[in-house]
Amino acid sequence: MSEFELPPNYVSASNDFRSDTFTTPTSEMIQVALSATKGDAVYGEDTDTVLLEKTIAKTFGYDAGLFCVSGTLSNQIALRTHLTQPPYSILCDYRAHVYTHEAAGLAILSQSMVVPVIPSNGNYLTLEDIQSHYIPDDGDIHGAPTRVISLENTLHGILYPLEELFRIRTWCKANNLLLHCDGARIFNACAESGVPSKQFAEIFDSISVCLSKSVGAPIGSVLVGDVKFIKKANHFRKQQGGGIRQSGMISRMALYCVDGDWKEKIRYSHSLAHNLAAFCKQEGIPLESPADTNFVFIDLQKAKMDPDVLVKKGLKYGVKLMGGRVSFHYQISNESLEKVKLAVKESFEYAKTHPYSQNGPTQIYRSESTEKMDVDGNAIRDIKTYKY
C-alpha cells in the first residue's frame, strides 16, 4: 500500500466507488478559493484561469490551454476544431467516452460519422486495428474519409503502451491524420507508468486533460494544443455555451490540486485497485480488463453476477457501487475497500446458486428505482441502482 495519508475531511467520499469524480473539495481547497481572482474569463481577464491554462499546457508540453467545465465539452470542441470540410469520420475504440457517453455529440455537433473499433487484443487499439478500419481519402466519393483518430489514456483503467502510441503517431503523420487524446485519466497514466507528461505532446495534436478526476479538483478540464488550435477551440466553446465568467474560484482550487502531491494521491488510489484485483483473482472472480490503474472491472456476465445484487450487497456494508465497474480515488479509505471485498465475494457466492443472465445491450449510468428490500431481506429506503 502507498504511504499516502487521507486528509481529515475525506469522509463523505470515502465509501463511494461509483466513479473517481465523487471526490469532494477539502477545506484547504475552499480556503484558497476565497482569495481567487475575479476577472472575466470569457475575455481572458481572469488571472487564475489564465494561470491554470498555462500550467496544464506547460505540464503536458503544449503552447496553450483552454479551461472547460467538463471533459465532454473539452473533447467535443477539440474534435470539432480538428474537423473542417465534411464528409469526414472519426475512428476510436468502441468503448470510447467520446462515442458512447457524450450524448451523440460527435453526430450532432460535428456531423461526423464514427468508426468504433473493437481492439483485436481485447484491451487497446493497435496500429494494425486502425489501419484495417480507417477510411482513406483516395477519391472514392462513397466514403467519409477518416480525419481524426481519437484515443483514450487510460481506457477501462488500462495503460496505453507508449511504444504503440508512437507507432500510431508515425503512421498518422505519414497519412495526414490528426491524433486526439481523451485524457480523462492522463494523470493516472503518468503516475503509474512514469512516462513524463510532456512526452505526450510528441504524440497527440491535442489532449483533453481532466481535473475533476485523478487530482481531485471539483470542476473542469483543460484542452491543450497549439495556439492556433486553442484560439479556434475557444470559438466553439463560446458557441456551445461553455464560456465561464468569474471562473477564478474553481481555477484556483484546480491549481491547488495540480500543485500538490497529486502523484502520491493517485498512486494511493491505484494501490487500492490493485488490492481488490488481487482479491478477485484469489477468489476466482473474473475481471474484464487488467487493473493497471484505478479501476477494477468485474466481468459480471462471465461470473453470472446480477449487478443489482452487487449494488445492494454494497449498501448492506455501507459502500456505494455501480455495477461491475469499481472505481477508486484518493479519498477512498482502506476500511471501505475491505467492505467492497465482502460485497463482491457475497455477490459472487450468491451468483453460484442464483446465476444471472444479461439480456440486451450493456447499460451504464442508468438509474431506476428498485424493490425496497435487499437480497438478504433487509428493508432499504429509496434505493437507486445502476445497471450494466
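Because the structure is predicted, anything quoted here is derived from the model rather than measured.

Caption draft 1: Highlighting the overall build of the chain. When helices and strands are counted, the chain shows 14 helices and eleven strands. Taking all 388 residues of the chain together, the buried fraction comes to 53%. When the accessible area of the chain is evaluated, it comes to approximately 17100 Å², of which 51% is carbon and sulfur surface.

Caption draft 2: Broad picture of the UniProt feature "modified residue: N6-(pyridoxal phosphate)lysine" (unreviewed entry) in the chain. UniProt's entry tags Lys213 with the feature "modified residue: N6-(pyridoxal phosphate)lysine" (unreviewed entry), counted in the numbering of this structure. For Lys213, a relative accessible area of 14% puts it in the buried group.

Caption draft 3: Main features of the packing of helix H13 (residues 307-316) against helix H14 (residues 334-353). Here H13 crosses H14 at 140 degrees, and the two axes come no closer than 9 Å. Judged on the interaxial angle alone, H14 and H13 are oblique. Seen along the crossing, H13 lies across H14 with a hand that is right-handed. For the pair H13 and H14, the contacting residues are Val309, Leu310, Lys313, Gly314 and Lys316 in the first and Ala343, Val344, Glu346, Ser347 and Tyr350 in the second. Per-class residue counts for the contact of H13 with H14 are five nonpolar, two polar and three charged.

Caption draft 4: Highlighting the sheet that holds strand E4 (residues 146-152). Strand order across the open sheet formed by seven strands is E1-E7-E6-E5-E4-E2-E3, with mixed pairing between neighbours. The open sheet is flanked by strand E1 (64-68) and strand E3 (113-117), the only strands paired with a single partner. With direction set aside, neighbouring strand axes in the sheet form an average angle of 20 degrees.

Caption draft 5: Fine view of the nonpolar core. Counting 49 residues, the largest nonpolar core has Ile56, Phe187, Phe204 and Leu211 as its most contacted members. Ranked by residues supplied to this core, first place goes to helix H10 (residues 248-259) with six residues. Inspection of this core shows a minimum of three residues originating in each of domain 1 (8-22 + 262-353) and domain 2 (36-259). Not counting chain neighbours up to four residues away, the residues in contact with Leu211 comprise Leu52, Ile56, Phe67, Phe187, Gly216, Ala217, Gly220, Ser221, Val222, Ala254 and Val258. Within the second largest apolar cluster, 27 residues are counted, among which are Phe17, Ala277, Ile298 and Met305.

Caption draft 6: Examining unusual backbone geometry more closely. Cis geometry marks the peptide bond from Pro86 to Pro87; its omega dihedral reads 5 degrees. You can see Pro87 is positioned in the loop between helix H3 (71-82) and strand E2 (89-93). Asn153 connects to Thr154 through a cis peptide bond whose omega is 5 degrees. With respect to the secondary-structure elements, Thr154 resides in the loop between E4 and helix H7 (162-174).

Caption draft 7: Representation of the confidence of the model for the chain within the structure. For the chain, mean pLDDT is 91; residues scoring 70 or higher make up 90% of the total. Within the model, pLDDT remains below 50 along residues 365-373, and this stretch shows 27 contacts once partners closer than five positions in the same chain are excluded.

Caption draft 8: Focus on the environment of His133. Among the secondary structure elements, His133 is positioned in the loop between helix H6 (127-131) and E4. Since its relative accessible area comes to 35%, His133 is described here as partly exposed. C-alpha of His133 to C-alpha of Val117: the two residues are 16 residues apart in sequence and 7.3 Å apart in space. Those residues in contact with His133 that lie beyond four places of it in its chain are Leu91, Val115 and Val117. A polar contact of 2.8 Å, which involves the side chain of His133, links it to the backbone oxygen of Asp129. A distance of 3.1 Å separates the side chain of His133 from the side chain of Ser132, its partner in a polar contact.

Caption draft 9: Helix H11 (residues 262-283), seen in detail. Look at H11: 32 Å from first C-alpha to last across 22 residues, which is about the 32 Å you get at 1.5 Å a residue. Two residues or fewer after H11 comes Gly284, characterised by a positive phi angle close to 75 degrees.

Caption draft 10: Local environment of helix H9 (residues 227-239). With 13 residues, H9 extends 19 Å between its outermost C-alpha atoms, agreeing within 8% with the 18 Å of an ideal straight helix rising 1.5 Å per residue. Looking only at H9, the buried set comprises Phe229, Ile230, Ala233, Phe236 and Arg237. Angularly, the buried residues of H9 cover 115 degrees about the axis, an arc narrow enough to put them on a single face. Within H9, the exposed residues directed more than 90 degrees away from the buried face are Val227, Lys228, Lys231 and Gln239. Contact partners of the buried residues in H9: helix H2 (47-59), E1, H3, strand E6 (206-210) and strand E7 (221-225). Measuring from the side-chain oxygen of the N-cap residue of H9 to the backbone nitrogen of Lys228 gives 3.3 Å; that N-cap residue is Asp226. Immediately beyond the C-terminal end of H9, within one or two residues, lies Gly241, with a positive phi of roughly 80 degrees.

Caption draft 11: Examining the packing of aromatic side chains more closely. Summed over all chains, the structure comprises six aromatic pairs. Between the aromatic rings of Phe295 and Phe297, the centroid separation amounts to 5.7 Å while the plane-to-plane angle is 35 degrees, which identifies the pairing as tilted. Residue classification places Phe297 among the buried residues on the basis of a relative accessible area of 6%. Through pairs of rings, three or more aromatic residues link up here, namely Phe60, Phe187 and Trp262. The ring of Tyr330 carries Lys265 above its face, with NZ or CZ at 4.2 Å from the centroid.

Cut-offs used in this document
- Each chain carries its own residue numbering, running from 1 in the direction its sequence is written.
- Since the coordinates come from a predicted model, pLDDT governs what is reported: local features require at least 70, and pairs of side-chain atoms require 80 or more to be given and counted, while whole-chain, interface and lining totals use all residues.
- Based on all heavy atoms of the structure, the side-chain values leave hydrogens and waters out of the count.
- Numbering goes from the N terminus for both helices and strands, where a helix is a DSSP run of H or I of at least four residues and a strand is a run of E of at least two.
- Only protein chains enter the accessibility calculation, which uses a 1.4 Å probe. A residue is then buried if its area is under 20% of the maximum for its type, exposed if over 50%, and partly exposed in between.
- Using a 1.4 Å probe, the Shrake-Rupley method yields the accessible areas, and only the shown protein chains count as cover for residues.
- UniProt positions are given in the numbering used here, feature names are shortened, and annotations may be inferred rather than shown by experiment.
- Interaxial angles span 0 to 180 degrees and are taken between N-to-C directions of axes, which are lines fitted to C-alpha atoms, for helices over the stretch in contact.
- Any angle between 65 and 115 degrees counts as roughly perpendicular, while under 35 counts as roughly parallel, over 145 as roughly antiparallel, and the rest as oblique.
- It is the rotation of the near helix from the far one that decides the hand of a crossing: anticlockwise by less than a right angle makes it left-handed, clockwise makes it right-handed.
- Any two residues whose heavy atoms approach within 4.5 Å are treated as being in contact.
- Each residue is assigned to one of three groups, with Ala, Val, Leu, Ile, Met, Phe, Trp, Tyr, Cys and Pro labelled nonpolar, Asp, Glu, Lys and Arg labelled charged, and all others, Gly among them, labelled polar.
- Two strands pair under a simple rule: DSSP has to find at least two bridges between them.
- Residues grouped as a nonpolar core are buried Ala, Val, Leu, Ile, Met, Phe, Trp, Tyr and Cys residues, joined through side-chain atoms within 4.5 Å.
- Delimitation of the domains relies on an automatic or database domain assignment.
- pLDDT is a residue-level measure of predictor confidence that goes from 0 to 100.
- Counting of polar contacts relies on pairs of N or O atoms within 3.5 Å, with two restrictions inside protein: one atom must be capable of donating a hydrogen and the other of accepting it, and residues adjacent in sequence are counted only when both atoms are side-chain atoms.
- How far a helix is expected to stretch is found by multiplying one less than its residue total by 1.5 Å.
- The arc refers to the directions leading from the helix axis to the C-beta atoms.
- Each pair of aromatic rings taken from Phe, Tyr and Trp, with Trp reduced to its six-membered ring, is defined by centres within 6.5 Å and is described as stacked if the planes are under 30 degrees apart, edge-to-face if over 60, and tilted in the remaining cases.
- Both a distance and an angle decide whether a charge sits over a ring: NZ of Lys or CZ of Arg must be within 6 Å of the ring centre and within 35 degrees of the ring normal.

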